[in-house]
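The residues making up each chain are set out below.
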Amino acid sequence: MVYVATTSPRRIELLEQFGFDYTLVKPCKEKLIINSKQNLAVQKAISKIECLHIDGLVVAFDTIVVFKDKIFEKPKNIEEAKSMLYDLSGSWHSVISAIAIKYKDLIKAYFEKTFVKFAKLEKNDIDFLTSKENVLDKAGAYAIQGYAALYIEKIVGDYYNVVGLPLNRFKKILEDDFKLKKSDYLK
């Protein structure tokens, strides 16, 4: 049995869309020990499952946006969201999604990185994006599957990673590292 520790509507939607057979569980409260930008998403994903003691495979995810030396998680308010979008305007950034899996007492963690280039955003574009959808619950203040798609010029890597769940990598981990068959995790 696969248990998924998430509250993300987008991840749940993807799991349902692609027929994953899973049980939803409440993630642990995140406790962070930040020691590097590269590992932040991994640390956050691990912290969501550390306290869970479930007989089965427990999975958690986390996604961050990295632009230059800045980490963009979920913005705290609209002003911060607009500032993030202003920074991302006309530039490349990376989206890092982590997958943490706990089985018995072993926790393994993985990450996937995708590069995204935004078109140049004017003030009215940023106002449009922040008014059309809830940007406060999205790392980097945008959803590639939402109105931001109108402003994405290029993507190098896994599209679903930018949504927050790198499906291909997740499938490979389940099959290669945990020896599950499709019938073990798909309906």
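It should be emphasised that the depicted structure is a prediction, and the values quoted were computed from it without experimental measurement. In this numbering scheme, every chain counts its residues from 1 along its sequence in written order. Where local features are concerned, this predicted model is filtered to residues with pLDDT of at least 70; where side-chain atom pairs are given and counted, the filter is 80 or more; whole-chain, interface and lining totals use all residues. No hydrogens and no water enter the side-chain calculation; it runs on all heavy atoms of the structure.

### Notes on the pattern of salt bridges
Line of reasoning, step 1. Salt bridges are counted wherever a side-chain nitrogen of Lys or Arg sits within 4 Å of a carboxyl oxygen of Asp or Glu. For the structure shown, the criterion picks out 14 salt bridges.
Line of reasoning, step 2. For K44, the salt bridge goes to D62, with nearest N and O atoms at 3.6 Å. Here the residue K44 occupies a position in helix α2 (residues 37–47), and D62 occupies one in strand β3 (residues 57–67), the gap between them amounting to 18 residues. For the pair formed by K44 and D62, the shared burial category is buried.
Line of reasoning, step 3. In this structure, D62 engages K48 in a salt bridge whose closest nitrogen and oxygen atoms are separated by 2.9 Å. Placement of the pair is D62 in strand β3 and K48 in the loop between α2 and β3, with a sequence separation of 14 residues. Neither residue differs from the other here; D62 and K48 are each classed as buried.
Line of reasoning, step 4. The network of salt bridges with common partners includes K44, K48, D62 and E73. In this description a helix means any DSSP run of H or I spanning at least four residues, a strand means any run of E spanning at least two, and both kinds are numbered starting from the N terminus. When a residue's accessible area, from a 1.4 Å probe over protein chains only, is under 20% of the maximum for its type it is buried; when over 50% it is exposed; and in between it is partly exposed.

### Some points on helix α1 (residues 9–17)
Line of reasoning, step 1. Those residues of α1 not exposed but buried are R10, R11, L14 and L15. Projected onto a plane normal to the axis of α1, the buried residues spread over an arc of 135° and lie on a single side. For α1, the exposed residues lying more than 90 degrees away from the buried face are E13 and Q17.
Line of reasoning, step 2. Against the buried residues of α1 lie β1 (2–5), β3, α5 (159–163) and α6 (167–177). Working note: the arc is built from the helix axis to C-beta atom directions. Contacts are assigned to residue pairs that have any heavy atoms within 4.5 Å of one another.

### Observations concerning helix α3 (residues 78–88)
Line of reasoning, step 1. Turning to α3, its buried residues are A81, M84, L85, D87 and L88. The buried residues of α3 all sit within an arc of 160° when viewed along its axis, so they share a single face. Exposed and facing more than 90 degrees away from the buried side of α3 are E79 and Y86.
Line of reasoning, step 2. Counting of polar contacts relies on pairs of N or O atoms within 3.5 Å, with two restrictions inside protein: one atom must be capable of donating a hydrogen and the other of accepting it, and residues adjacent in sequence are counted only when both atoms are side-chain atoms. A distance of 3.2 Å separates the backbone nitrogen of E79 from a side-chain oxygen at the start of α3, and that oxygen is part of N77.

### Some words on the packing of aromatic side chains
The geometry of an aromatic ring pair is captured by two quantities: the separation of the ring centres and the angle between the planes.
Line of reasoning, step 1. Only the six-membered ring of Trp is used, alongside the rings of Phe and Tyr, when aromatic pairs are assigned; centres must lie within 6.5 Å, and planes under 30 degrees apart are stacked while those over 60 apart are edge-to-face, with the rest tilted. This structure, assessed with the given rule, holds 8 aromatic pairs.
Line of reasoning, step 2. On the numbers, 6.4 Å between centres and 25° between planes, the contact of F67 with F72 is stacked.
Line of reasoning, step 3. Residue F67 is classed as buried on the basis of its relative accessible area of 8%.
Line of reasoning, step 4. Centre to centre, the rings of Y159 and Y160 are 5.2 Å apart; their planes meet at 80°, and the pair counts as edge-to-face.
Line of reasoning, step 5. A relative accessible area of 33% places Y159 in the partly exposed class.
Line of reasoning, step 6. Classification of Y160 by relative accessible area gives partly exposed; the value is 27%.
Line of reasoning, step 7. Among the aromatic residues, those joined into a cluster by ring pairs are F20, F61, F170 and Y185.

In short, the description is geometric, and any link to function would need to be established separately.
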